[in-house]
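# Summary of structural features
Single-letter residue listing:
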Amino acid sequence: MKTRLLMKSSHQSMNTTLRQALAKYTYVGYLAYKELLAYPASLLGRLAIHALRITYLGIIYEYVFTHSGKSAIHGMDALHAVWALALVQLVYQLTGSGRTFKHFKDEIISGQIEVRLNKPYYYPLQSLADALGQAPIRFVLFFAITALVLGSAFGMPTFTIQQKSLFLPLLSLGVLLFVLTQQLLSLSAFWIEDPTPAWWVLSKIAWIINGTFIPLAILPAYFKTASLLFPLSASFFLGRIYEITDWYSGAKFVGIQLLWILLIYTAIYFTYKQGAKKISINGG
Amino acid sequence: MEGKLRNINKKWAWIAENLRFNFRVFTEYKAAFVLQSVGMILNNAAFLVVWYIFFHIFGSVNGWGFKEMLGLDGFVGFGYGVAFSLTYGATKISKMATFGLLDRFLTLPQNTLTMVSLSDVQMSAIGDLVLGALLIGAYVVTVGPSFTRIALALLFAGMVSLVVLGFTIVVQSIVFWIPNSQELSDALFEFMLGPSLMPNSAFTGAMRFIFTFIIPAIVIGGLPVNIILSPSIKGLIVMTAISLAWVYLAQWVFNRGLRRYESGNLVGTR
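As the structure is a computational prediction, the values presented were derived from the model and not from experiment.

Reading the values: rules and limits
Residues numbered from 1 in each chain as written. Chains lettered and ligands numbered in written order. Predicted model: local features only at pLDDT ≥ 70, side-chain atom pairs only at ≥ 80, totals over all residues. Heavy atoms only, no water. Helix = DSSP H or I, 4+ residues; strand = E, 2+ residues; numbered from the N terminus. Buried < 20%, exposed > 50% of the residue type's maximum accessible area, 1.4 Å probe, protein only. Rg over C-alpha atoms; globule rule 2.2 N^0.38 Å. Contact = heavy atoms within 4.5 Å. Buried area = accessible area lost by both parts, 1.4 Å probe. Salt bridge = Lys/Arg side-chain N within 4 Å of Asp/Glu carboxyl O. Polar contact = N/O pair within 3.5 Å; in protein donor to acceptor, adjacent residues only side chain to side chain. Nonpolar A, V, L, I, M, F, W, Y, C, P; charged D, E, K, R; others polar. Phe/Tyr/Trp six-rings, centres within 6.5 Å; stacked < 30°, edge-to-face > 60°. Patch = residues over 30% accessible without salt bridge, like charges linked within 9 Å, V, L, I, M, F, W, Y side chains within 5 Å. Areas by Shrake-Rupley, 256 points an atom, 1.4 Å probe, with all protein chains shown as cover. Core = buried A, V, L, I, M, F, W, Y, C linked by side-chain atoms within 4.5 Å. pLDDT = per-residue confidence, 0-100.

A tally of helices and strands in chain A yields 12 helices and 2 strands. Counting from the amino terminus, helix and strand elements in chain A follow one another as α-α-β-β-α-α-α-α-α-α-α-α-α-α. With the C-alpha coordinates aligned to their principal axes, the bounding extent of chain A is approximately 75 × 55 × 40 Å. Looking at chain A residue by residue over its 284 residues, the buried ones come to 50%.

Written as structure tokens, this is what we have:
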């Protein structure tokens, strides 16, 4: 009886801790959301840039498909190519491209990370909540502008039931993976002077194999294989949604994203633990 | 007349001294300088890989192929590299005005805009500058080098740098009318940089007009590439007129804005 009571009490206390943690990080996310709305001119500017970017990408792809005499490449036509590129851009816009990397790395390089250690939160989770807090509202706004711009200028593509069902999982997991990958790369600042050049190079290599400028569907098969092996391209599987023809191919994309998330979060946990030991606090 | 010339000489000597001082900053942090410059070169080279693959699949875009993209990336990279490595301070006008940091420049006996622009440098932009110069050279070689083309390439490299700097100053000066608009200024700069790196030949009609005369995206890449390919006096005049217009517009907008600037209460030295 006593053991059961103890177990019940420990279970309740664990529930309370989890609830408190959830409330805490949700509040961090809420603050990030409020921050986004605090600067409407900036948000409008970003929306306008997104609209412009997908428009000129659309113009270029419509032009090359029309004038090259190719109605489709590997089954992908101009309309689907334009939408595939826009969906990759959507993943970038949901968290701000490279924002987490910059914040996290700056905290480490400037030594401000020591202040974070004293706060009643686990910094990688706080940073994650901060990055994801803006994602829902950004999704609504950026997806609306994408649909409006592309729908009116180039047309709306059709989605199969599998593609519709996997849209949100691929997007959410992609955004989560993108943020975690940025965190892991920024943690290298504990050991090297400035990891920014490494970030530039890796993120640009990702451009080639994640469909930022050329949809993966029209590239040779080895680019697609490479994209499965690189977390910075797995984050953008949403852009490959038109390659999903059945439940199996869709589940493969989601499964790979989940695997990367697990691996990268584990790596962050141990790297952060080791990195935090390197912090030396001066008396200033 | 002699006094005027002496003043001009003094001014250039002062600018040269500022640049020398800024370059000493680069050499002070050698490892970071090399790492950031090489990183930026690799970063920009990724663009070329993307376009190589693109043109391998599609052939050409309205007469443009991979060799035109060499020139395009070259001019944009060089212009960005010069403007941001030497006059990076211009990208901080908005921030300085927001925090009242312009005060320290207002009391000095030199042109405020020049002082502000030369007040900071960006190490990584040297990578843009170096790769940009190499790509411009590669473009001139691929289209067939001649005295006219080499002269135009050198001239346009300078003009493109002025346009990038001029546009940066104009968008940064928005802060004098819209407070706390740093992100908006950065976004507007991206507004120009994004399309400038795309195959410009696909932009026709109204879009081409906007990207030439309102947002100078085509001016900093596509236009010089086309003029070097088919040199013409008309092209040279258009390019010169647009570059000068941006220089004057930048100075005018900044000076008008500066009249609205209210001093901060921060104490700083320079």
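There is more to say after this.
To continue, consider the overall build of chain B. Secondary structure assignment for chain B yields 12 helices and 0 strands. For chain B, the α and β elements follow one another from N to C terminus as α-α-α-α-α-α-α-α-α-α-α-α. Its C-alpha atoms give chain B a radius of gyration of 19 Å, near enough to 18 Å, the size a compact globule of 270 residues would have. Oriented by its inertia axes, the alpha-carbon framework of chain B measures out at about 60 × 45 × 45 Å.

To continue, consider the interface of chain B and chain A. With 34 residues of chain B at the interface, the matching set in chain A holds 34 residues. Summed over both sides, the interface of chain B with chain A buries roughly 3200 Å², with 78% coming from carbon and sulfur. Our count for the chain B to chain A interface comes out at 2 salt bridges. At the surface where chain B touches chain A, the tally comes to 2 residue pairs in polar contact (both at pLDDT 80 or more). Put simply, the parts of the chain that give the side of chain B that touches chain A at least two residues each are α2 (30-58), α9 (182-196) and α10 (205-214) of chain B. Broken down by element, the side of chain B that touches chain A gets its largest block of residues, 15 residues, from α2(B). Looking at side-chain class alone, the side of chain B that touches chain A contains 24 nonpolar, 8 polar and 2 charged residues.

To continue, consider the environment of L72(B). All names here are of chain B. Here L72 lies in helix α3 (residues 66-86). For the pair L72 and P199, spaced 127 residues apart in sequence, the C-alpha separation works out to 8.1 Å. Sequence-distant contacts of L72, defined by excluding residues within four places in its chain, comprise W64, S196, L197, M198, N200, G221, G222 and V225.

What the rule picks out here adds up to 10 salt bridges over all chains. Here E190(B) makes a salt bridge to R46(A), at a shortest N to O gap of 3.6 Å. Taken together, the positions of E190(B) in helix α9 and R46(A) in helix α2 (residues 40-67) put the pair across two chains. Judged by relative accessible area, E190(B) falls into the partly exposed class, the value being 30%. We classify R46(A) as partly exposed; its relative accessible area is 21%. Residue R99(A) pairs with D130(A) through a salt bridge whose shortest N-O separation is 3.7 Å.

Counted under the stated rule, the structure contains 39 aromatic pairs over all chains. Seen from their ring centres, Y122(A) and Y272(A) are 5.5 Å apart, and the 90 degrees between their planes marks the pair as edge-to-face. With Y122(A) in the loop between α5 (113-117) and α6 (123-133) and Y272(A) in helix α12 (residues 247-277), this pair connects stretches of sequence that are 150 residues apart. With relative accessibility at 6%, the residue Y272(A) sits in the buried group. Taking the centre distance of 5.7 Å and the plane angle of 45 degrees together, the rings of F213(A) and F47(B) count as tilted. Pair noted here: F213(A) is in the loop between α9 (196-210) and α10 (221-228) and F47(B) is in helix α2, and the two residues belong to different chains.

Let us now look at unusual backbone geometry. Most peptide bonds are trans, and most residues other than glycine sit at a negative phi. Located in the positive-phi region is H74(A), a residue other than glycine, with phi close to 50 degrees. Examined against the element boundaries, H74(A) turns out to sit in the loop between β1 (72-73) and β2 (76-77). On the accessibility criterion, H74(A) (56% relative accessible area) is exposed. One non-glycine residue, N62(B), lies in the positive phi region at around 50 degrees. In this fold, N62(B) is placed in the loop between α2 and α3.

This paragraph deals with a nonpolar patch on the surface. Residues and elements named next belong to chain B. The grouping of L162, L244, V247 and Y248 at the surface amounts to a nonpolar patch, some 390 Å² of accessible area in total. In terms of residue count, the dominant contributor to the nonpolar patch is helix α12 (residues 233-260) (3 residues). You can see L162 is positioned in helix α8 (residues 147-172). The class of L162 is partly exposed, set by a relative accessible area of 39%.

With that settled, the discussion passes to the nonpolar core. Membership of the largest hydrophobic core comes to 165 residues, with the highest contact counts inside it found for Y61(A), I214(A) and F54(B). Once you skip the residues sitting within four places of it in the chain, I214(A) turns out to touch Y61(A), L85(A), L219(A), V50(B), I53(B), F54(B) and I57(B). One finds F26(B), A32(B), V121(B) and M123(B) within the second-largest nonpolar core, a separate group that totals 5 residues.

In the predicted model, chain B carries a mean pLDDT of 86, and the fraction of residues at 70 or more is 97%. Here helix α1 (residues 2-28) of chain B stands out as the element of chain B with the lowest mean pLDDT, 76, in contrast to α8(B), whose mean of 95 is the highest.

Across the 8 residues of helix α11 (residues 222-229) of chain B, 6 count as buried, placing the element largely inside the fold. Considering only its buried residues, α11(B) is in contact with α3, α7 (125-143), α8 and α12 of chain B.

Attention shifts here to the side chain of S243(B). All names here are of chain B. Within the element layout of this structure, S243 appears in helix α12. Engagement of the side chain of S243 in a polar contact is seen with the backbone oxygen of M239, the distance being 2.6 Å. Those residues in contact with S243 that sit more than four places away from it in its chain are M159 and V163.

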